[in-house]
Amino acid sequence: GAQALGRSRGGGGTKVHGSVTGRGHPVVLKLTPGQAGDAPQAADLLAGQTRGRVRAVVGDKGYDSDANVALIRRLRARVVIPPLGCRKHQRRYSKRLYRGRNVVERFWQKAKQYRRVATRYDKLDTSYLAFVHLAAVLVVLRHPRTVHTT
């Protein structure tokens, strides 16, 4: 079966990409090989979102691409992704809203308290992703009122 393992100078690895609500509750979780870029995953992370339902999409520079900006704008959401330094025209973004990116970081910090998430033991990607989903449910149950503070 599929393993979603990537190769790099540091060895094999897997990335778990996720989107969370403003309360830090996961919406979409996705596995990719470790060398996969972040920007191409945004379309899958935002799939199923309807126009006007999402107010802002906050992400780090790894998610900055013209395609992602266009997708977020089609959702009529605010783009809160710092532009890459190589862009000719630096797009403005809300630094105040960008501080809210810590919500997803705090979710991953809680999910990685489960050793099986932090250090992948499973051979198959379906087994690993299933446990990541289980850990996400446990995080939500343990922290139901997690909210973003700025």
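Source: prediction; values computed, not measured.

Quick look at the overall build of the chain now. Across its full length, the chain holds 6 helices and 5 strands. Listed N to C, the secondary structure of the chain is β-β-β-α-β-α-β-α-α-α-α in terms of helices and strands. Taken across its 150 residues, the chain has 37% of its residues classed as buried. Element-wise, carbon and sulfur atoms account for 53% of the exposed surface of the chain, whose accessible area totals about 9400 Å².

Here S65 lies in the loop between β4 (56–58) and α2 (66–74). Sequence-distant contacts of S65, that is, excluding residues within four places in its chain, are made with A39 and R87.

Here the focus is the nonpolar core. Ranked by internal contacts, the top residues of the largest apolar core, which has 14 residues, are L29, F107, W108, Y114, V117 and V132. Sorting the residues of this core by element identifies β3 (26–33), α4 (102–111) and α6 (125–142) as the ones contributing at least two each. Looking at this core, the element that brings in the most residues is α6, giving 6 residues. Not counting chain neighbours up to four residues away, the residues in contact with V117 comprise A111, K112, Y128, F131, V132 and A135. If you look at the next biggest cluster of nonpolar residues, it comprises 13 residues, including L45, V54, L71 and I72.

Conventions we followed
- Residues numbered from 1 in each chain as written.
- Predicted model: local features only at pLDDT ≥ 70, side-chain atom pairs only at ≥ 80, totals over all residues.
- Heavy atoms only, no water.
- Helix = DSSP H or I, 4+ residues; strand = E, 2+ residues; numbered from the N terminus.
- Buried < 20%, exposed > 50% of the residue type's maximum accessible area, 1.4 Å probe, protein only.
- Areas by Shrake-Rupley, 256 points an atom, 1.4 Å probe, with all protein chains shown as cover.
- Contact = heavy atoms within 4.5 Å.
- Core = buried A, V, L, I, M, F, W, Y, C linked by side-chain atoms within 4.5 Å.

The values reported here are purely geometric and, on their own, carry no functional implication.
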